Amino acid sequence: MKSSNNLRTLIAIVGSASFAASAGATSIFNEDFESYPLGNSDGQGGWVDFGGTRTVDIVDSHASGGSQSIAFSTNPGYGSDSTLDLADPITTGQLAFSFDIYQPAGFDGTAEIYLSRLATLSGGFQTGFHLVGDAGQGLFRSPQINATTALLTDQWVAVQISIDLDADTAAVSYGGTEIYNGTWVNGGTAPSQYQGLNIWASGGANVENFYIDNLKLDIVPEPSGLALLGLSFVGLVLRRRR
């Protein structure tokens, strides 16, 4: 019993150390769109219209958790298009990028999300990582890699991207299902870094919106030495107990 209690204590200490490292994440942006006036998003926060044929709007018709989100619409064809660039690139460390997406069943175009190594407004948006909610194919996919899963409609779906700039790797999950784990960038000649985000709507025969909410980017510290040491020790104890 005493050994069991000691093991529980050690696990608790390790968990606390891991949580402390996670809690030390640096937020780059955290967009829940609650503070923005309804209507055209151009010029609100860091959002800049990228020359789409329709405006990108802050709306209160759909939201994940709060009362507002950002809406992109087809025209039909090429529609809303907006960017969120950083002043300077992030060149090292581990990034946690996430957002919620809602694609109605009536949306028959594509939701295009591009994580760029360069500032998108500089014309460098073609050197990055491209994700597509493709209603025509019924897939959430990437044209750069063999990563596909069934598209989920009429519901908010969590998308999470973990990027290790030092290792030049990335992992992508959609609705809790990992669909990719490999190289962060497939194409382009820029260094392994992150600087911009481009989101747009395209295709389809109808004028219809998709919605983005809870868009976040954090720099995540690596696990602390205490946590790694503790996890190794717990593994050793468990092996011995067997």
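Nothing here was measured: the structure is a model prediction, and the numbers come from that model. Within every chain, residues take consecutive numbers counted from 1 along the sequence as written. Totals for whole chains, interfaces and linings use all residues, but because this is a predicted model, local features are given only for residues with pLDDT of at least 70 and pairs of side-chain atoms are given and counted only at 80 or more. Where side-chain values are given, they derive from all heavy atoms of the structure, hydrogens and water being excluded.

What makes a salt bridge here is a side-chain nitrogen of Lys or Arg within 4 Å of a carboxyl oxygen of Asp or Glu, nothing more. Using the criterion set out here, one finds one salt bridge in the structure. For D134, the salt bridge identified is with R141, shortest N-O distance 3.0 Å. In terms of burial, D134 and R141 fall into one category: buried. To sort residues, take the accessible area from a 1.4 Å probe on protein chains only and compare it with the maximum for the residue type: under 20% means buried, over 50% means exposed, and anything in between is partly exposed.

What follows is about unusual backbone geometry. Each neighbour pair has its own omega, and for N75 with P76 the value is 5°, a cis peptide bond. The secondary structure listing takes helices from DSSP runs of H or I that are at least 4 residues long and strands from runs of E that are at least 2 residues long, numbered from the N terminus. Within the secondary structure, P76 sits in the loop between β5 (69-73) and β6 (81-90). Phi is positive for D154, which is not a glycine, with a value near 55°. Assignment of secondary structure puts D154 in the loop between β11 (147-150) and β12 (156-164). The exposure class of D154 is partly exposed, given its relative accessible area of 46%. Phi is positive for D168, which is not a glycine, with a value near 60°. Looking at the element boundaries, D168 is found in the loop between β12 and β13 (169-174). D168 gets classed as partly exposed once you look at its relative accessible area, which sits at 26%.

Another point: the confidence of the model for the protein chain. Per-residue confidence from the predictor is reported as pLDDT, which spans 0 to 100. Per-residue confidence for the protein chain gives a mean pLDDT of 84, with 78% of residues at or over 70. Pairs of residues are marked as contacts when any of their non-hydrogen atoms sit within 4.5 Å. In this model, residues 1-22 is a region of pLDDT below 50 whose contacts with residues beyond four sequence positions or in other chains number 21 contacts. Residue range residues 225-242 is modelled with pLDDT below 50. Its contacts to residues more than four positions away, or to other chains, number 17 contacts.

Right, let's talk about the side chain of S69 for a bit. Secondary-structure assignment places S69 in strand β5. By relative accessible area, which is 0% here, S69 ends up buried. In protein, a polar contact means a hydrogen-donor-capable atom and an acceptor-capable atom, both N or O and within 3.5 Å, with residues adjacent in sequence counting only if both atoms are side-chain atoms; elsewhere, any N or O pair within 3.5 Å suffices. In this structure the side chain of S69 is engaged in a polar contact, spanning 2.7 Å, whose partner is the backbone oxygen of H62.

Looking now at the environment of D108. Note on placement: D108 falls in the loop between β7 (94-102) and β8 (110-116). You can call D108 partly exposed: its relative accessible area is 29%. It is 4.8 Å that separates the C-alpha atoms of D108 and G204, two residues lying 96 residues apart in sequence. When sequence neighbours within four positions are dropped, the list of residues in contact with D108 reads A135, G136, G204, A205 and N206.

Attention shifts here to the packing of aromatic side chains. Stacked, edge-to-face and tilted are the three classes for Phe, Tyr and Trp ring pairs, Trp counted by its six-membered ring, which pair at centre distances within 6.5 Å; planes under 30 degrees apart are stacked, over 60 edge-to-face, the rest tilted. Scanning the model with the defined rule gives 12 aromatic pairs in all. Pairing F29 with F97 gives two aromatic rings, centres 6.2 Å apart and planes at 90°, and the pair type is edge-to-face. Within this pair, whereas F29 is found in strand β1 (residues 26-31), its partner F97 is found in strand β7, the two being separated by 68 residues in sequence. Each member of the pair F29 and F97 is classed as buried. Ring geometry for F129 against Y180: centres 5.4 Å apart, planes inclined by 45°, an arrangement best described as tilted. Residue F129 is found in strand β9 (residues 128-134), and its partner Y180 is found in strand β14 (residues 177-183); the two are separated by 51 residues along the sequence. When sorted by exposure, F129 lands in the same class as Y180, which is buried. Among the aromatic residues, those joined into a cluster by ring pairs are F29, F97, F99 and Y194.

So, on to the environment of G79. Turning to its location among the elements, G79 is positioned in the loop between β5 and β6. Remark: the alpha-carbon pair of G79 and R54, spanning 25 residues in sequence, is separated by 5.1 Å.

Turning our eyes to something else, we now look at the pairing of β7. Among the nine residues that make up β7, seven are buried, leaving the element largely enclosed by the rest of the structure. Where β7 and β12 come together, nine bridges link them in antiparallel fashion. The partner of I101 across the bridge, within β12, is V157. The rule for pairing is simple: two strands pair if DSSP sees at least two bridges between them.

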